[in-house]
Each structure stands twice: as C-alpha cells, then as structure tokens.
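Each chain is listed here by its residues.
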Amino acid sequence: MRTQLKGSLWVLCLASMAFSSLAVTTSSKPTLASAFGSKTTSPAVSDALKANKTSPGRSTPGELLPMVINTWNFTAANVLAWRILKQSKGGLRQTRNAVVEGCSKCEKLQCDRTVGYGGSPDESGETTLDAMVMDGSTLDVGAVAGLRRIKDAIKVARHVLEHTQHTMLVGDAASAFANAMGFESESLVTPESKDMWLQWTAENCQPNFWWNVYPDPKVSCGPYKPRPTPLTRWKEDRARNEYEIGRKNHDTIGMIAIDVESNIHAGTSTNGARHKIPGRVGDSPIPGAGAYADNEVGAAVATGDGDVMMRFLPALLAVEAMRLGKPPAEAAEVGLRRILKHYKDFMGAVIAVDRLGNYAAACYGLEEFPFIVSSPVSPDKPTRLETVKCIAGPEKVNIVPL
Amino acid sequence: MKKYVATFLTVLWLASVVGAKTTSNVTRSGQRPTGQLLPMVINTWPFAVANEEAWRLLNLRKGGLGQTRNAVVGGISECEIQQCDKAVGYGGSPDERGDTSLDALLMDGSTMEVGAVADLRRIRSAIKVARHVLEHTGHVLLVGDAAADFANAMGFQNESLNTPESTKEWREWRDTKNCQPNYWRNVFPDPKSSCGPYEPLPSWDADANRDVETEIGPDNHDTITMVAIDEESNIHVGTSTNGLRYTMPGRVGDAPIPGASSYADNEVGAAVTTGDGDTLMRFLPSLLAVEAMRAGKTPAEAVEFVLQRIRKHVERFQGAVIAVDRLGTYAVACHGFEYQGFRFSYMVSSPAQQSRKETIVCTQALEKTNSEIYRKVIW
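If you check an unreviewed UniProt entry, chain B appears there as N(4)-(Beta-N-acetylglucosaminyl)-L-asparaginase GD10667 from Drosophila rhopaloa. The Sequence similarities (unreviewed entry) comment attached to chain B in UniProt states, word for word, "Belongs to the Ntn-hydrolase family."

With an unreviewed UniProt entry as reference, chain A is termed N(4)-(beta-N-acetylglucosaminyl)-L-asparaginase, source organism Drosophila rhopaloa. UniProt's Function (unreviewed entry) comment on chain A is quoted here verbatim: "Cleaves the GlcNAc-Asn bond which joins oligosaccharides to the peptide of asparagine-linked glycoproteins." Of chain A, the UniProt comment under Catalytic activity (unreviewed entry) reads exactly: "N(4)-(beta-N-acetyl-D-glucosaminyl)-L-asparagine + H2O = N-acetyl-beta-D-glucosaminylamine + L-aspartate + H(+)".

Q: It is not clear to me how the overall build of chain B should be interpreted in this structure. Could you clarify?
A: Secondary structure assignment for chain B yields 10 helices and 15 strands. By residue count, 61% of the 379 residues in chain B fall in the buried class. When contacts within chain B are restricted to residue pairs at least 6 apart in sequence, long-range pairs at least 24 apart make up 65% of them. Roughly 14,600 Å² of accessible area belongs to chain B as shown, and the carbon and sulfur atoms make up 54% of that amount.

Q: I keep staring at the sheet that holds strand β11 (residues 298-304) of chain A and nothing clicks. Help me out?
A: The strands that make up a sheet are held in pairs by hydrogen bonds between backbone atoms, and each pair lies either parallel or antiparallel. Residue and element names in this part refer to chain A. Across the sheet, 4 strands lie side by side as β10-β11-β12-β13; this open sheet has antiparallel pairing. Unpaired on one side and paired on the other, β10 (291-294) and β13 (359-364) mark the two borders of the sheet. The mean inter-strand angle of the sheet, taken between neighbouring strand axes irrespective of direction, is 10°. Bridge count between strand β12 (residues 348-354) and β13: 6 bridges; the pairing is antiparallel. Its bridge partner being in β13, G348 is matched across the sheet by Y364. Where helix α10 (residues 314-323) meets the sheet, it contacts β10, β11 and β12, and its direction lies at approximately 150° from that of β11.

Q: In this structure, what is going on with the interface of chain B and chain A? I would like to understand it.
A: Every contact between the two is made by 68 residues of chain B and, on the other side, 69 residues of chain A. Both faces combined, the contact of chain B with chain A buries some 5,800 Å², and carbon together with sulfur accounts for 55% of it. Contact with chain A buries surface across chain B, with H136, H139 and R282 of chain B losing the most and accounting together for 11% of the total. Where chain B packs against chain A, one counts 5 salt bridges. For R185 of chain B, the salt bridge identified is with D140 of chain A, shortest N-O distance 3.6 Å. Secondary structure elements with two or more residues in the side of chain B that touches chain A: β3 (113-120), α4 (126-136), β4 (141-143), α5 (144-153), β9 (251-252), α8 (285-294) and α9 (299-313) of chain B. Counting residues per element, the side of chain B that touches chain A draws most heavily on α4 of chain B, which supplies 5 residues. Counted by class, the side of chain B that touches chain A contains 31 nonpolar, 17 polar and 20 charged residues.

Q: How should the nonpolar core be read in this particular structure?
A: Nonpolar side chains in soluble globular proteins tend to end up buried together. Membership of the largest hydrophobic core comes to 209 residues, with the highest contact counts inside it found for F369 of chain A together with F344 of chain B. Counting residues per element, this core draws most heavily on α10 of chain A, which supplies 7 residues. Once residues lying within four places of it in the same chain are set aside, the contact partners of F344 of chain B are T44, W45, T274, A320, V332, C334, F337, E358, T359, I360 and C362 of chain B.

Q: What is the right way to read the confidence of the model for chain A from this model?
A: Atomic detail in the predicted coordinates should be set aside for any region of low pLDDT. Residues and elements named next belong to chain A. Taken residue by residue, chain A gives an average pLDDT of 84. The fraction at 70 or more is 77%. The low-confidence segment residues 21-61, where pLDDT is below 50, has 45 contacts with residues more than four positions distant or belonging to other chains. Every residue in residues 232-237 scores below 50 in pLDDT, and together they form 13 contacts with partners more than four places removed in sequence or on other chains.

Q: Help me out: how do you make sense of the UniProt feature "binding site: substrate" (unreviewed entry) in chain A in this one?
A: In the UniProt entry, the feature "binding site: substrate" (unreviewed entry) is given for R280, V281, G282, D283, T303, G304, D305 and G306 of chain A. As for its position among the elements, V281 of chain A is in strand β9 (residues 280-281). On the basis of relative accessibility, which here comes to 0%, the residue V281 of chain A falls in the buried class. Residues contacting V281 of chain A, with those up to four places away along its chain left out, are D130, A145, G146 and M310 of chain A together with L141 and V143 of chain B. Along the chain, D305 of chain A turns up in the loop between β11 and α9 (306-309).

Q: Whenever I open this one, the packing of helix α4 (residues 75-85) of chain A against helix α5 (residues 95-109) of chain A confuses me. Can you help?
A: Packed helices, taken two at a time, are described by the angle their axes make and the gap between the axes. All names here are of chain A. Where α4 contacts α5, the axes come no closer than 8 Å and their chain directions differ by 155°. Here α4 lies roughly antiparallel to α5, going by the angle between them. Both α4 and α5 take part in a crossing whose hand is right-handed. Within the contact between the two elements, α4 uses A76, A77, L80, A81, I84 and L85 and α5 uses T95, N97, A98, E101, G102, K105, C106 and L109. Classifying every residue of the contact of α4 with α5 by side-chain character gives 9 nonpolar, 3 polar and 2 charged.

Q: Which parts of the structure should I look at to understand the environment of P191 of chain B?
A: Residues and elements named next belong to chain B. As for its placement among the helices and strands, P191 is situated in the loop between β5 (187-188) and β6 (199-200). Taking the C-alpha atoms as reference points, P191 and N178, separated by 13 residues in sequence, lie 9.2 Å from one another. Contact partners of P191, with chain neighbours within four places excluded, come to Q180, N182, W184, R185 and Y198.

Q: What exactly am I supposed to notice about the UniProt feature "active site" (unreviewed entry) in chain A here?
A: Residue and element names in this part refer to chain A. Following the UniProt record, the feature "active site" (unreviewed entry) maps to T252 here. Tracing the backbone shows T252 in the loop between β6 (225-226) and β7 (253-258). Exposure remark for T252: the relative accessible area of 2% places this residue in the buried category. The contact partners of T252, leaving out residues within four places of it in the chain, are T71, W72, F74, T268, S269, T270, S284 and T303.

Q: Can you help me understand the packing of aromatic side chains in this one?
A: The geometry of an aromatic ring pair is captured by two quantities: the separation of the ring centres and the angle between the planes. Residues and elements named next belong to chain B. The final tally for this structure, using the stated rule, is 15 aromatic pairs over all chains. With a centroid separation of 5.8 Å and 25° between ring planes, the pair formed by F337 and F344 is classed as stacked. Each member of the pair F337 and F344 is classed as buried. Connected via pairs of aromatic rings, a cluster forms that spans W45, Y330, F337, Y339, F344 and Y346. Here R124 stacks its cationic end above the ring of Y90, 3.7 Å away from the centre of that ring. Sitting over the ring of W170, R174 keeps its end group 4.5 Å from the ring centre.

Q: Honestly, the sheet that holds β4 of chain B in this entry has me stumped. Any pointers?
A: Spatially, β9(A)-β4(B)-β3(B)-β2(B)-β8(B)-β7(B)-β1(B)-β14(B)-β15(B) is the arrangement adopted by the 9 strands of the open sheet, whose pairing is mixed. Two strands lie at the open edges of the sheet, namely β9 of chain A together with β15 (353-361) of chain B, each paired on one side alone. The pairing of strand β14 (residues 343-350) of chain B with β15 of chain B spans 7 bridges and is classified as antiparallel. In the strand pairing of β15 of chain B, Y346 of chain B is matched with E358 of chain B. On the sheet, α4 of chain B packs against β2 (102-108), β3, β4 and β8 (235-241) of chain B and is oriented at approximately 135° with respect to β3 of chain B.

Reading guide: rules and limits
- Residues numbered from 1 in each chain as written.
- Chains lettered and ligands numbered in written order.
- Predicted model: local features only at pLDDT ≥ 70, side-chain atom pairs only at ≥ 80, totals over all residues.
- Heavy atoms only, no water.
- UniProt positions renumbered as here; feature names shortened; annotations may be inferred.
- Helix = DSSP H or I, 4+ residues; strand = E, 2+ residues; numbered from the N terminus.
- Buried < 20%, exposed > 50% of the residue type's maximum accessible area, 1.4 Å probe, protein only.
- Contact = heavy atoms within 4.5 Å.
- Areas by Shrake-Rupley, 256 points an atom, 1.4 Å probe, with all protein chains shown as cover.
- Pairing = 2+ DSSP bridges.
- Axes fitted to C-alpha atoms, helices over the stretch in contact; angles between N-to-C directions.
- Buried area = accessible area lost by both parts, 1.4 Å probe.
- Salt bridge = Lys/Arg side-chain N within 4 Å of Asp/Glu carboxyl O.
- Nonpolar A, V, L, I, M, F, W, Y, C, P; charged D, E, K, R; others polar.
- Core = buried A, V, L, I, M, F, W, Y, C linked by side-chain atoms within 4.5 Å.
- pLDDT = per-residue confidence, 0-100.
- Parallel < 35°, antiparallel > 145°, perpendicular 65-115°, else oblique.
- Left-handed = near helix turned anticlockwise from the far one by under 90°.
- Phe/Tyr/Trp six-rings, centres within 6.5 Å; stacked < 30°, edge-to-face > 60°.
- Lys NZ or Arg CZ within 6 Å of the ring centre and 35° of its normal.

Shown next, in the form of structure tokens:
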C-alpha cells in the first residue's frame, strides 16, 4: 500500500512538472517573425543582411496584413492603394482593385516621368506603355506591351485579364482592343517629352541601343544598317552604364497587395527605357520578370535595367526561393546575384514578400533603393518610406571605357 | 540443389520485372542510353526538315563548334519557309481579323543574351529578325509594327503573311462557324455563340475560371522550339510560331518570352516547350526546368516537375517540355494533346542517331473540372 502511494506520488510529481513546462511554452505566442524570420537564416546571411540594411526593411513583429508595398518613392500610389484595401475589413478581395488603382495613380501623375504618358520617348519621340497585373490565386495574368495612344495601361491589362483568355496583347492591336473596351485614344506625347526627344536628337542620339551597325551608333544618329557580326565579337562586353539607368530612367512602379487571407495581387506599369528602339518591350509586362505572385508562397516585383533583367526572371526566382523556404531577404537577392555572374554594370532592384506579409528588398547599382510600404504595424502612420542599401553602388559598378 | 535453382530463377524473374518497369519509365520520358551525345539538335514536333538542316549546319565544323547559333536559326528558318504544319511561318493561324503574325526568339546560353520579336507582320523570316535584335540592339524584345520597321531597316523586305488558304480558313470561321472558337469572356454579346464586336460585362464574377476548353484542333498552336549543343556544351535555343488560330490581334503567347518557350544556360543545360502558350507562359516552364537541373535534378525529373507544377493549377491544357542537360542527356514529357491521341513526337539528332523521330505518351486530365460544370450554370 505504502509503495503504491509512493509510486503514484512520483507519477503525480513528474506529471505536474511536465504539465507546468508545457504551460510555459504554450503561453508565449510564437510570433510571425520567429516562424519565418531569422530561424531559417544562417548566421552569415543574417549578419550580411544586418550590414546591408539602413532601416528595418525586414519584417517587424505585429500585424503584417493587409499590406501594400511598391517600388521607389511613389507615395501617392501607395496611399491610394492602402485606402482601397481598407474599404473592406482585412482588405478582403480588394487586392486587385488596390494594385490597379495604385499603379494607375502613377500613370496619371507621370511618376518620375517613368510611368505613364509624357515620358521616356522612344527613338521616334513617341511614348509607349507596358503594364501587367497578376492574380496569385489562379496565377492568371493580364498584360499589355508597346501600348500606343492609350493612357491607362494597367486598366487595359486588367481588361485583358478579365475579358480574354489571353495573357498578353501588344502594339497597335492592343490599342484597338482598348478602344473596343471603351478607352479613348489620345496622344501620349507632351511638350516635355518632345523636348526630351529633340534634345537627344540634337546630341547625336546618344545614348542609344544599337550595336554593330553603320554609321557608328556611338557617334551618330540613324538610320542604321547592320554590320555582319563576327563570331569573336559575340561575347563582347557591352557596358550598360552609359544608358544612365537609375532614377528618372527605367523606373517602374511595381506593386504588391496582400489581404488578411493571403490573397495576393501584383502589378507593374512603366513607359520603358528612354530612347528605346520603337517597339521595345522590357521586363515589366512579363510574368516572372517584372512581377510574379503565388498565393501559396508570396510575390515579388522587380525594377531596373529591363533588357538585362528580363533574361533572368528575377521575380520568379524570388518566389521560387521563398517556396523552398528562403526568407524574403535572401529571395530578393537570388535574381540579382544570378545576373551579377554575367553582368557587373546593371542597375536593378527586387522586392520580395511572403504570403504572411514579411517583406524585404535588394538592389544593385545604386546607393540605396527606396520603397513604400503600408501595413497595420504602426496604426497612426501606416504608410512609410523605407530604404535598403545596395549590394554595390554605382561607383563600384561603372566601367571605365577603354 | 533444386531449392537454389528455384531461388536463383525467382531472383532473375524479379530482376527482369523491375528492369522492365524502369525501362518503361525511361521510354515514357524519352531518355536514351549512352553513346556519344554531343553535338546534338533536338526540336519539338516531327518537323524533320528543320532538324536535318540544323544538323547539317552543325556539322559544318567538327564537333559543331561555334555553329549552334547558325544551326538553330537555319533549322527554324526551314520551318518558316516551308510553313511546317501551317503552325510556323506565313500563311497559317489567322487571327480574328484574318491576319497572320509571327513570334520568334533566339537565346545564347553562354551570355544568356536573347533576341525576340512578337506580333511581327509583313516580314516572313521571324527568327532571322530575332537574330538581328540579338546582334544589333541592346534590347531583348521588339513587338508589333515597330518590329517590322526594324526589320525593314535591317534589310528585310515587306511581304504579305496571308495566303489565299489562310484567308479562306478565316472566312469560314467568321461566316459559317459564328467565330467559334474565340478567346473572349465576360463580354456582350455572348462570345460562345456569336461574333463581335463585343463590349465588356461588368466583371461580377472576377474569379470566373479561365479553364475553358477552347476547341484545339489538329495543326493548331504548334511551335517549333529547338536546342542545339556543340561538343563544348555551347548551347543555343530558338522558337518560331504563328501563334494560335483566331486569337485576338496582338496576342502574344509564350514563344517570344525567355523562360517561357525556351531557356538556355551553358552552365546547366536548356529547356524548350510547346503547347497552350497563354497557359504555359504564366508558369515559365523552360526556366523552371533549367532551375531544376541546376539544383541537381535529372532532365527526366525536371520535365516531370514542370508538368506537375502546371497540373496543380490548370487541369486541362496541352503542353510538352524537352529538357537537355549540358552533356546532352535529354528527357521529354507532355500533357494533353488529345487530338494527337495523347502523344507527342519530336526529332533528335546526335552522332549516334540522325534525325530520328521519337514519340511519347502524354498524361491527361481525368474528368471535367468543377469550374466547367459551374460555368455552364452561370450562362
């Protein structure tokens, strides 16, 4: 009897110890940050991340969703998108409206003259627009490229998404589709963009995007004729720093909106590279290059030298990296490091967000890359400007021409 | 003694069964045993003329060194000239307005440089224009009328891409088939029963699934995509197509998008695809296949991985993926192609086999998706 009592007492003691230790662990709520943040990062990477960031561009604990994030200092676009997102509790089902209206705002405001009408004239002086919108639930995409004479590019892209089974429409035919959908045709040229173009032609059309043609494109305007390309010159190093890509050139607004149920939309809009060859389409309207979204994983958007970046699909690489469990900070860098292997003189930036709202940005070829993010984390000032320091700045990147 | 013999025979029998199973796996994915694998050329569909021409060009130099670009451009050009299956080149796949337009791409695996054209009109040699974009501009993709102007500047002549045949086909579609099939949705009048012009319906069902069975008949939406690898594992890939039939003008599919229809990286290998461009281009199948091989998967695993990714989101589609690693091992997989008996054929050339046609069996969607049934109820 006594031994039985002793035994059961022991059992009771052990049991209570076990339960109390369990209680301790369950009482502390696991934060989102610990679930997806530093635990998965190796010490080396997290040190590097700390070194690279001037401000916390990574997740902060607290409420992360709903959220809107976009490239560059385009605050008005973000504010409008945030307002739309808040029109329903938790932003449910408003992400598409938020992204389309947010990017549209930049088209109307001609953000930095790199989005919308009246900027980045091509070689013939005309402005053409590229835009896309992607739905992370169905991985459905609507995109327009080389859109002429229609101002609301991302709204046309939304019509491609909702009223056709196609993914992308280009050129004059895309403008005809826009007309059929009720958009008015109007010139995208303004006195300012015309001036930009006239000055460029007066300066011997420098810089331009021609190679291996005569007359020498480095000193004169076209029209050009092709020179045959000998085998030995195929791998010639072509410096891209002369295109002065950076702010005011090659900016794209890339925006991601996520609601509390992790429904994601991503979108982009741009008027492309200044003095591009007419018809040139860059990375912005290409799913996987300019933007990518997958509700299961997260989303990414990219901006910068589209002609280089679109060959490496940085947005898709970022989403795939997050799918494999990498944190957004590493994911954003994957595409850029891949490009670095082949090119040392490009400019590019990637924003990656996972489905829970943890975000990060990476960049190359600038001092710092600014972006705007809105989320409930600071209720009195939900919209904030953040910056991230780049992997290498322009002074390290410019090649001295021989 | 008898017992040993019996066990020995059983083991032999088991081994042969296991052997048979793995061989059938191999047959399914199209992998072939060793031998000298490089140089090699592989392309989608049984377009023998393209493959033969590419192989001939590749062998103008020993080991095909430095000839991969010429081989891809020359081989694909043959299909454009000969209007392979009316799916490549002029005179095929008229759009809604009866016009043919071309898309093409060329990618160099050493520098990862790309030249591409989309919605090219009035110019017949699309892949050659794509080569000019690659070699004479700092851009990747030129589209539309402006791309045709660029071609003129590069010395290409304007020629109509329409033929009496393609125009007749289009007229039939418009006059006798009520413009069916077409690619509109959520518009008025009902695109499933009448021609346009259409006006948008307010999108009250923004999540209406796009997974609608558009009647894909024979000879529709073939694209020639081709990989050429020389002895030193220099790779070029190329694509050319006239797109889908009766599409909305200006529609661009996966063909001119690097990472969608084709991708190459000398460090890893290459992948090319063909099928429903509107669907495939959202998943970047060629890039996914190359990334899978980069991560160490075999070509056979890479192609399965890619199709599985698409199957997760889209039940009914047509798609075929060819993946080749830098040493010349290739694998092929496909889904759909009901009109071909759920089979996909392709051409391979290597020192062991010249211009050989191979065929694989495709996976298929099992039953009508809920969305298709649901969609009937809406209308």
